[in-house]
Amino acid sequence: MEIITINEFIHLQEKNFPYSKGDLSSLLYDMAIAAKIVHREVNRAGLADILGEMGSTNIQGEDQKKLDVIANDLFIRALRAGEKCCGVASEELDDFVAFGRKGMSHGHYVVCIDPLDGSSNIDVNVSIGTIFSIYRTLEADRPAVEADFLQPGRKLVAAGYVLYGSSTMLVYTTGNGVNGFTLDPSIGEFLLSHPNMRIPEKGAIYSTNEGNVSGMSKGMLAYLDHCKSKNNDSGKPYAARYIGSLVADFHRNLLKGGIYIYPGTTKDPNGKLRLLYECAPLGFICEQAGGKATDGINNILDIQPVELHQRCPLFIGNAAMVDKAMEFIKTHG
Ligand code: AHG
Ligand code: MN
Ligand code: MN
């Protein structure tokens, strides 16, 4: 395969952007730069004093890890400096941040971000990720307002994730298919390694935290039994794979076929994952790769957000498995 850097690829794709002034391209460049810096921090986490807790909690009530905050700061600094983005909504910030720029263009885009996904895995050296989504602002050339962020996934202009695993990958879509880039640390470049990613039609992997079964619906329990039985479409029990990092579980299922489910439970009817910076961006990517993402009833991309950190259940993976899971939910309640 010829060597194509992510910047060359973004530039080549630019003709497909409806607003091809190059602003979205440079915003994607900014995300790639920040991803390289977070890669460096993640890979030296064990050495420098950046493991462990900050001693603070975020709006979700979750203990913030040092790397959560470092990654958050790095992406926000890159986006602020880049001048194409006029605001960011982050899992790690109670409210969005608007980059007011005196006398300069505000940029036409806003970014929603989960700067570090899978935080519980940071200190045990298991793959973690970043998830981001990009919307065009509702009006041109003014500071960001909350409504710019509260747009349904159908309005996304781009979405992507970074996986800091055995290698660091950046996977993104601008609505023209999904492409994956692997970082070559020796030259500091993301190189095209997975062109036109498509999720397999069939899958035999299911990913969910079965520790929560006591709170799951009858439909979910019936679907999990289906996954473990010989009556499913593969004629043998599916493989259970659950890492505790959504990005890593999603990426594996995107490559091999499978379904990831974080359902609602009696304790948390809306589940744990956040619509704006986990479910919608991955739903956009999954649909662009031929898969499907729902909340168990509605397509994730059709959900109208009402609150920056709102949660929703997530069923995401190849369409046949998502449809089968929804059939069980519909039949068994
Ligand atoms: P984050 O670290 O950004 O809060 O996300 C963690 C999410 C997701 O990555 C993972 O699949 C899920 O939480 C794991 O939750 P449980 O530990 O409840 O299974
Ligand atoms: Mn997350
Ligand atoms: Mn996170």
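Residues numbered from 1 in each chain as written. Chains lettered and ligands numbered in written order. Predicted model: local features only at pLDDT ≥ 70, side-chain atom pairs only at ≥ 80, totals over all residues. Heavy atoms only, no water.

Turning to the overall build of the protein, a few remarks are in order. Each helix and strand in the protein was counted, giving eight helices and 15 strands. In terms of C-alpha radius of gyration, the protein reaches 19 Å, essentially the compact-globule figure of 20 Å for 333 residues. With respect to the principal axes defined by its C-alpha atoms, the protein has extents near 60 × 45 × 45 Å. Within the protein, buried positions represent 57% of all 333 residues. For the protein, restricting intrachain contacts to residue pairs at least 6 apart in sequence, the fraction spanning at least 24 positions comes to 63%. (Helix = DSSP H or I, 4+ residues; strand = E, 2+ residues; numbered from the N terminus. Rg over C-alpha atoms; globule rule 2.2 N^0.38 Å. Buried < 20%, exposed > 50% of the residue type's maximum accessible area, 1.4 Å probe, protein only. Contact = heavy atoms within 4.5 Å.)

Taken together, the protein donors to the manganese ion (ligand 3) comprise Glu 91 (OE), Asp 114 (OD) and Leu 116 (O), at separations of 2.0 to 2.2 Å. Motif for the manganese ion (ligand 3), donor spacing along one chain: E-x22-D-x1-L. Here the manganese ion (ligand 3) and the manganese ion (ligand 2) are spaced 3.7 Å apart, with Asp 114 acting as a shared donor. Pair check on accessibility: Asp 114 and Leu 116 agree, each one buried. (Donors = N, O, S within 2.8 Å, 3.2 Å for Na, K, Ca; no water.)

Here the focus is the domain arrangement of the protein. Once the domains are mapped, the protein shows domain 1 (6-194) and domain 2 (205-332). For domain 1 versus domain 2, the separation of C-alpha centres amounts to 24 Å. Contacts between the two partners involve 50 residues from domain 1, matched on the other side by 34 residues from domain 2. Buried surface at the junction of domain 1 and domain 2, summed over both partners, amounts to about 3000 Å²; 63% is from carbon and sulfur atoms. The largest per-residue losses of area from domain 1 upon contact with domain 2 belong to Leu 150, Arg 154 and Tyr 161, which jointly make up 22% of the total buried on that side. (Domains from an automatic or database assignment. Buried area = accessible area lost by both parts, 1.4 Å probe.)

This brings us to the sheet that holds strand 13 (residues 259-262). The strand order 12-11-13-15-14 describes an open sheet built from five strands, whose pairing is mixed. Lying at the two open borders of the sheet, with one neighbouring strand each, are strand 12 (239-240) and strand 14 (292-294). One ladder, built from two bridges, connects strand 11 (residues 205-207) with strand 13; its direction is parallel. Residue pairing for strand 13: Ser 207 is matched across the bridge by Tyr 260. (Pairing = 2+ DSSP bridges.)

Further remarks concern the packing of aromatic side chains. If you walk through the whole model with that rule in mind, you get six aromatic pairs. Between the aromatic rings of Phe 96 and Phe 149, the centroid separation amounts to 4.9 Å while the plane-to-plane angle is 35°, which identifies the pairing as tilted. Taken as a pair, Phe 96 in the loop between strand 3 (85-90) and strand 4 (97-98) and Phe 149 in helix 4 (residues 146-149) lie far apart in primary sequence, 53 residues in all. Look at Tyr 161 and Phe 250: their rings are 5.8 Å apart centre to centre, the planes differ by 85°, and that puts the pair in the edge-to-face class. Residue Tyr 161 is located in strand 7 (residues 158-164), and its partner Phe 250 is located in helix 6 (residues 246-256); the two are separated by 89 residues in the primary sequence. With a relative accessible area of 0%, Tyr 161 lands in the buried category. Members of the aromatic cluster, joined through ring pairs, are Phe 9, Tyr 172 and Phe 181. (Phe/Tyr/Trp six-rings, centres within 6.5 Å; stacked < 30°, edge-to-face > 60°.)

A few words on the side chain of Asp 114. Take Asp 114: it is sitting in strand 5 (residues 109-117). Despite being buried, Asp 114 has no salt bridge partner; Arg 274 is the closest side chain of opposite charge, sitting 5.0 Å away. The contact partners of Asp 114, leaving out residues within four places of it in the chain, are Glu 91, Gly 129, Thr 130, Ile 131, Tyr 277 and Glu 278. (Lys, Arg positive; Asp, Glu negative; His and termini not counted. Salt bridge = Lys/Arg side-chain N within 4 Å of Asp/Glu carboxyl O.)

Turning our attention to the coordination of the manganese ion (ligand 2). The coordination sphere of the manganese ion (ligand 2), as far as protein atoms go, consists of Asp 114 (OD), Asp 117 (OD) and Glu 278 (OE), spread over 1.9 to 2.1 Å. Considered as a linear motif, the donors of the manganese ion (ligand 2) on their single chain read D-x2-D-x160-E. With relative accessibility at 5%, the residue Asp 117 sits in the buried group. For Glu 278, a relative accessible area of 1% gives the class buried.

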